[in-house]
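Survey of secondary and tertiary structure
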Amino acid sequence: MTPLSASQRHASLLKQKTLDALTRLGDRDTARVAVHELTRLIASMPPEHLPVVVQCLCDESAAAPKPAARRAVLRLFETLADAQHEHALPHLPRLVAATIRRMKDPDPIVGDACVE
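The structure presented is a predicted model; accordingly, all values stated were derived computationally and were not measured.

This part covers the overall build of the protein chain. Looking only at helices and strands, one finds six helices and zero strands in the protein chain. Ordered by position from N to C terminus, the α and β elements of the protein chain give α-α-α-α-α-α. The C-alpha atoms of the protein chain give 14 Å as radius of gyration, which agrees with the globular expectation for 116 residues (13 Å, within 12%). For the protein chain, the spread of C-alpha atoms along the three principal axes comes to 45 × 30 × 25 Å.

The structure is reproduced here in structure tokens:
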């Protein structure tokens, strides 16, 4: 087994932080803190780790059991695009596909978040 490089360790840590915060989105008591943490993380991460966060957000967009969590993830897509600008462009098709899937969500608050 080869040791992980510093970049791989950082990506792994970033993925774990992202997943931990996404898990807290489903709880009404911790959702606001989780959104703040994810917003800060998205704004401060290096562009080379963007695929890790995009994957986590897109997976969570589909898997989140609570409508409020799915809505928050959709809003984080906007945060990601604003913070990462041109670095987010290669990931745009995946973000748009996840948003289109959420437009068909049975809960209206999720569909409304797509329009916002």
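We are not done yet, so read on.
Relative orientation of the contacting elements helix α4 (residues 67–84) and helix α6 (residues 108–115) amounts to 5 degrees, with a least axis distance of 8 Å. Relative to α6, the element α4 is oriented roughly parallel. On α6, the residues that touch Pro-67, Ala-68, Arg-70, Arg-71 and Leu-74 of α4 are Ile-109, Val-110, Ala-113 and Cys-114. Class assignment of the residues belonging to the contact of α4 with α6 gives a composition of seven nonpolar, no polar and two charged.

With respect to the helices, strands and loops of the structure, Glu-60 is situated in helix α3 (residues 50–63). Of the side chains with opposite charge, Arg-70 comes closest to the buried, unpaired Glu-60, at an N-O distance of 8.6 Å.

A complete count under the given rule lists four salt bridges for this structure. Across the pair Arg-102 and Asp-105 runs a salt bridge, and its minimum N-O distance is 2.4 Å. Judged by relative accessible area, Arg-102 falls into the buried class, the value being 12%. For Asp-105, a relative accessible area of 10% gives the class buried. Salt bridges sharing common partners tie together Arg-70, Arg-102 and Asp-105.

Calculation rules
One numbering rule holds for all chains: residues counted from 1, following each sequence as written. Side-chain atom pairs in this predicted model are given and counted only at pLDDT of 80 or more, local residue features only at pLDDT of at least 70, and totals for whole chains, interfaces and linings cover all residues. Note that water and hydrogens are dropped before the side-chain values are worked out from all heavy atoms of the structure. Secondary structure elements are taken from DSSP: a helix is a run of H or I of four residues or more, a strand is a run of E of two residues or more, and numbering for both begins at the N terminus. Each radius of gyration is computed over the set of C-alpha atoms, and the globule rule expresses the reference value as 2.2 Å times the number of residues to the power 0.38. Throughout, an axis means a line fitted to C-alpha atoms (over the contacting stretch in the case of helices), and angles, computed between N-to-C directions, take values from 0 to 180 degrees. These descriptions rest on fixed angle ranges, namely under 35 degrees for roughly parallel, over 145 for roughly antiparallel, 65 to 115 for roughly perpendicular, and the rest for oblique. By definition, residues are in contact when any of their heavy atoms lie within 4.5 Å. Gly is placed with the polar residues, together with every amino acid not listed as nonpolar (Ala, Val, Leu, Ile, Met, Phe, Trp, Tyr, Cys and Pro) or charged (Asp, Glu, Lys and Arg). Exposure is judged per residue with a 1.4 Å probe applied to protein chains only, and the accessible area is read against the type maximum: over 50% gives exposed, under 20% gives buried, and values in between give partly exposed. Positive residues here are Lys and Arg, negative ones are Asp and Glu, while His and the chain termini are left out of the count. Here, a salt bridge means any Lys or Arg side-chain nitrogen found within 4 Å of an Asp or Glu carboxyl oxygen.

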